[in-house]
Amino acid sequence: MALLLHSMFEFWPIIEKILKLSDAKLVTEIGSENATTTKALCDWAVLDKACRIISVDVKPDEQLLALAKDFKQLKVLAKSSLEVLPELPVQDIYLIDGDHNYYTVYSELQKIHEKSVAHGHPVIIILHDVGWPCARRDLYYYPSLIPESFRQPFSFDMGITLDNSGLISGGFRGESAFACAEKEGGPRNGILTAIEDFMGQNPVYEFDKIDAVFGLGIMISDQHPVKVLVTDCITSYSGNFLLSTLERNRLELFLRVIALQDEVLELKKSQDSSISPSTPSQ
Ligand SMILES: C[S@@+](CC[C@H](N)C(=O)[O-])C[C@H]1O[C@@H](n2cnc3c(N)ncnc32)[C@H](O)[C@@H]1O
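Definitions and cut-offs
- Residues numbered from 1 in each chain as written.
- Predicted model: local features only at pLDDT ≥ 70, side-chain atom pairs only at ≥ 80, totals over all residues.
- Heavy atoms only, no water.
- Core = buried A, V, L, I, M, F, W, Y, C linked by side-chain atoms within 4.5 Å.
- Buried < 20%, exposed > 50% of the residue type's maximum accessible area, 1.4 Å probe, protein only.
- Helix = DSSP H or I, 4+ residues; strand = E, 2+ residues; numbered from the N terminus.
- Contact = heavy atoms within 4.5 Å.
- Axes fitted to C-alpha atoms, helices over the stretch in contact; angles between N-to-C directions.
- Parallel < 35°, antiparallel > 145°, perpendicular 65-115°, else oblique.
- Left-handed = near helix turned anticlockwise from the far one by under 90°.
- Nonpolar A, V, L, I, M, F, W, Y, C, P; charged D, E, K, R; others polar.

With 38 residues, the main nonpolar core has Leu-109, Ile-125, Leu-127, Phe-172, Ile-195 and Met-219 as its most contacted residues. Among the secondary structure elements, those contributing two or more residues to this core are strand S4 (93-96), helix H5 (102-118), strand S5 (124-128), helix H6 (191-201) and helix H8 (241-274). When residues of this core are assigned to their parent elements, the largest contribution, six residues, is made by H6. Sequence-distant contacts of Leu-109, that is, excluding residues within four places in its chain, are made with Ile-96, Ile-125, Leu-127, Ile-195, Phe-198 and Met-219. Membership of the second largest hydrophobic core comes to 35 residues, among which are Ile-18, Val-27, Ile-126 and Ile-220.

If you want it as structure tokens, here you go:
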């Protein structure tokens, strides 16, 4: 098992229940990474020939491309979510786990909502990373895709830690994979802020979140025929004190592991530099 559980796949039993309850046929996943959740979606989709899975990723991984060869019901789009969403027919369920920042998530929600309204088709949107660290702080996989006016100052090298709104050297960080905004909090910063702003302007959705594995959010249209059933299946998880305590503890322990790994690296570096290369004898 991975040292750090981080995939949306950890919520698969809940996601699968929502897929079944809503009898979903069209599902779009934004952000696949190494296709962990995509594979589960494909295994579920083969049970119903009418199901179609679309996976959108700016840089599709080899595992995702290989999966698309095996599963004819899966289509991979190597584009950004904001390019793709206006072109797609309205879907039954959207899984949002792409670029973890205010601009991207707010725009994704807005584009999905516009499609849903235009087609009179209520939707379910499942969002990952609605908890720490992305709730109130932007992370950027592809900062160049974010308009400057929305982009927070960021760093690819510095990291973040709990109860510190700035950056630290060390801490949780993406190294070259993603950058962290320099500051946590404030307007137009973070995924939960994007969700709150979107819902403030479109009060036709209900939103619940599960405080585990970086947070899962479930947004469902008031008009959705299975709204009550979906809400019922997540009520015992949402706002659960035990889950949020475990998540906090998990994060603290993981940050400690990162700090220890960094200390070991530093130690190795200083040992290597103190051993001078032996001079070849003449
Ligand atoms: C956190 S990973 C996804 C993890 C995956 N959903 C899972 O459950 O295991 C984020 C992925 O989103 C992709 N991505 C980032 N920004 C994107 C965007 N604007 N549109 C589509 N994909 C994006 C990245 O290339 C990366 O593969």
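Past the structure itself, the notes keep going.
Next up on the list: the packing of helix H1 (residues 12-21) against helix H7 (residues 227-235). Where H1 meets H7, the closest approach of the two axes is 10 Å, and the angle between their N-to-C directions is 165°. Between H1 and H7, the crossing angle belongs to the class labelled roughly antiparallel. Relative to H7, the crossing made by H1 is right-handed. In contact with Ile-14, Lys-17, Ile-18 and Leu-21 of H1, H7 contributes Leu-229, Val-230, Cys-233 and Ile-234. Partitioning the contact of H1 with H7 into residue classes produces seven nonpolar, no polar and one charged.

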